[in-house]
Amino acid sequence: QVHLVESGGGLVQPGGSLRLSCAASGNIIVINTMGWYRQAPGKERELVATITRGGVTNFADSVNGRSAISRDNVKNTMYLEVNGLKPEDTAVYYCNAGVVNVKAGIPTVLEVWGQGTLVTVSS
């Protein structure tokens, strides 16, 4: 009943920038913490950045200083900006959210993942 859809991936040159979007829809009361994760070929999925509903952010060391995360709580949309892209930033980027909905009249927290969007950093 809750879906996350990422967009904005594609091919970018080293040193360039990207801006990804994650739109949430469905049976949503509120969205708590949201985050971006990524998975490169042959590697484990890793955290990129998170943002609480109140706007407190956290970044992985790999992107700290060159990344920004934001959200629009009216549109239920989250954004990720990464500058100074490196080949090692190449990965499928996934949106994650803790979503509060109602099942049988009881508020329930769900952890929801998007389908991912591919970012390729190459000349």
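Residues numbered from 1 in each chain as written. Predicted model: local features only at pLDDT ≥ 70, side-chain atom pairs only at ≥ 80, totals over all residues. Heavy atoms only, no water.

### A closer look at the side chain of N96
- Following the sequence through the fold, N96 ends up in strand β9 (residues 91–103).
- Residue classification places N96 among the buried residues on the basis of a relative accessible area of 8%.
- Engagement of the side chain of N96 in a polar contact is seen with the side chain of E111, the distance being 3.5 Å.
- A polar atom in the side chain of N96 sits 3.5 Å from the backbone oxygen of V112.
- Those residues in contact with N96 that lie beyond four places of it in its chain are L4, T33, M34, G35, Y37, M78, E111, V112 and W113. (Helix = DSSP H or I, 4+ residues; strand = E, 2+ residues; numbered from the N terminus. Buried < 20%, exposed > 50% of the residue type's maximum accessible area, 1.4 Å probe, protein only. Polar contact = N/O pair within 3.5 Å; in protein donor to acceptor, adjacent residues only side chain to side chain. Contact = heavy atoms within 4.5 Å.)

### Some points on the packing of aromatic side chains
- In total, this model carries one aromatic pair according to the counting rule given.
- The ring of Y94 carries R45 above its face, with NZ or CZ at 3.7 Å from the centroid.
- R45 extends its terminal NZ or CZ atom over the ring of W113, reaching a point 4.9 Å from the ring centre. (Phe/Tyr/Trp six-rings, centres within 6.5 Å; stacked < 30°, edge-to-face > 60°. Lys NZ or Arg CZ within 6 Å of the ring centre and 35° of its normal.)

### Quick word on unusual backbone geometry
- Notably, N76 is not glycine yet its phi reads approximately 55°, a positive angle.
- Relative to the helices and strands, N76 is located in the loop between β7 (67–72) and β8 (77–82).
- Positive phi outside glycine occurs at A104, with the angle close to 55°.
- Within the element layout of this structure, A104 appears in the loop between β9 and β10 (106–113).
- Taking the relative accessible area as the measure of exposure, A104 reaches 84% and is therefore exposed.

### Notes on the sheet that holds strand β1 (residues 2–7)
- The four strands lie next to each other as β1-β3-β8-β7, forming an open sheet whose pairing is antiparallel. Two strands lie at the open edges of the sheet, namely β1 and β7, each paired on one side alone. Strand-to-strand twist of the sheet, defined as the mean angle between neighbouring strand axes without regard to direction, takes the value 15°.
- The sheet contact formed by strand β3 (residues 18–26) and β8 spans six bridges and is antiparallel. For L18, the partnering residue across the bridge sits in β8 and is V82. (Pairing = 2+ DSSP bridges. Axes fitted to C-alpha atoms, helices over the stretch in contact; angles between N-to-C directions.)

### Looking at the pattern of salt bridges
- All chains considered together, the criterion is met by four salt bridges.
- Linking R19 and E81 is a salt bridge whose minimum nitrogen-to-oxygen distance equals 4.0 Å. With R19 in strand β3 and E81 in strand β8, this pair connects stretches of sequence that are 62 residues apart.
- E81 sits in the partly exposed class, given a relative accessible area of 30%.
- The salt bridge involving R38 is made with E46; its shortest N-O contact spans 2.8 Å.
- Residue classification places E46 among the partly exposed residues on the basis of a relative accessible area of 35%.
- A single salt-bridge network, built from bridges that share partners, covers R38, E46, R66 and D89. (Salt bridge = Lys/Arg side-chain N within 4 Å of Asp/Glu carboxyl O.)

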